[in-house]
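The chain contents come next:
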Amino acid sequence: GNSGVRNNAADAERGAIYAERSELTLSNTIFSASRAAVGGGLYIGADSVVVQGAGEVHECSSTDGGGGIAVVGGSWSGSNVTLRNNSSQGPGGGIYAQDAELAMATGKLKANSSQEGGGAMLDGGASLVLTSVNCGNEGADDNGPNDVSTLNGGAFSWDGTCTATCDQDGCVEE
């Protein structure tokens, strides 16, 4: 069945769910209207692996990064997951990743916002692979200010579902 994590608030940098040195599988889980300093919906820390299938992270927020999801030293893979309407006053409205590996397939990364990397911010060796992901080609549904930004060696791979221009400063949807 479906499960939901809603309206949570954390004063520290841990989201509604905090995984550290653990393995976690989420299925049909909805994170909504949760907030934290980092990783409003989901915070994945060192040596952690989180697999998320058929779920949604929406309307979550953070003050310092990763409005929807923050991955710092761990890994996250999502299949048929929607990240939408998440926001951060720091980097990465939908996703903030540092020294982490992320993969997202057949999902949506739409209408997220932050100061930099509206969809995702990849920092310090983080990598993100998007495969058949709708990144909001519908104008107002775009992530702002851009879909994905990279910093300090972050790496990004896009399968062409969205059209993007990438350089040392990141990728901007065309």
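Parameters and conventions
- Residues numbered from 1 in each chain as written.
- Predicted model: local features only at pLDDT ≥ 70, side-chain atom pairs only at ≥ 80, totals over all residues.
- Heavy atoms only, no water.
- Helix = DSSP H or I, 4+ residues; strand = E, 2+ residues; numbered from the N terminus.
- Buried < 20%, exposed > 50% of the residue type's maximum accessible area, 1.4 Å probe, protein only.
- Contact = heavy atoms within 4.5 Å.
- Areas by Shrake-Rupley, 256 points an atom, 1.4 Å probe, with all protein chains shown as cover.
- Pairing = 2+ DSSP bridges.
- Phe/Tyr/Trp six-rings, centres within 6.5 Å; stacked < 30°, edge-to-face > 60°.
- Lys NZ or Arg CZ within 6 Å of the ring centre and 35° of its normal.

1. Brief notes about the overall build of the protein
- A count of helices and strands for the protein gives 0 helices and 22 strands.
- Taking all 174 residues of the protein together, 49% fall into the buried category.
- Here the analysis covers contacts within the protein between residues at least 6 apart in sequence; of these, 80% occur between residues at least 24 apart.
- Summing over all exposed atoms, the protein offers an accessible surface of approximately 7,200 Å²; the carbon and sulfur share of this is 43%.

2. With respect to the sheet that holds strand β5 (residues 35–38)
- Pairing is parallel in the open sheet, where 3 strands are placed in the order β5-β9-β13. Because the sheet does not close on itself, it has two edges, and the strands there are β5 and β13 (87–88).
- Note that β5 and strand β9 (residues 61–65) share 3 bridges and pair parallel. Across the sheet, residue A36 finds its bridge partner in β9, namely S62.

3. Brief notes about unusual backbone geometry
- Located in the positive-phi region is E59, a residue other than glycine, with phi close to 60 degrees.
- Position of E59 relative to the elements: it lies in the loop between β8 (56–58) and β9.
- Residue D99 is not a glycine yet carries a positive backbone phi of 45 degrees.
- Counting through the fold element by element, D99 comes out in the loop between β14 (95–98) and β15 (101–105).

4. Focus on the side chain of S75
- Counting through the fold element by element, S75 comes out in strand β11 (residues 75–79).
- Accessibility expressed as a relative area gives 18% for S75, which makes it buried.
- The residues contacting S75, other than those within four sequence positions of it, are I44, S48, V49, V50 and E101.

5. Thoughts on the pairing of β9
- As defined by bridge partners, β9 adjoins β13 across 2 bridges and the pair is classed as parallel. Across the sheet, S62 pairs through a bridge with S88, a residue of β13.

6. Focus: the packing of aromatic side chains
- As enumerated under the stated definition, the model contains 1 aromatic pair in all.
- For the ring pair Y18 and Y43, a centre distance of 5.5 Å and an interplane angle of 50 degrees mean the geometry is tilted. Of this pair, Y18 sits in strand β2 (residues 17–19) while Y43 is found in strand β6 (residues 42–44), placing the two residues 25 residues apart along the sequence.
- By relative accessible area, Y43 is classed as buried at 6%.
- Between R14 and the ring centre of Y43, over which it is positioned, the NZ or CZ distance is 5.6 Å.

Just distances and angles here, no functional claims.
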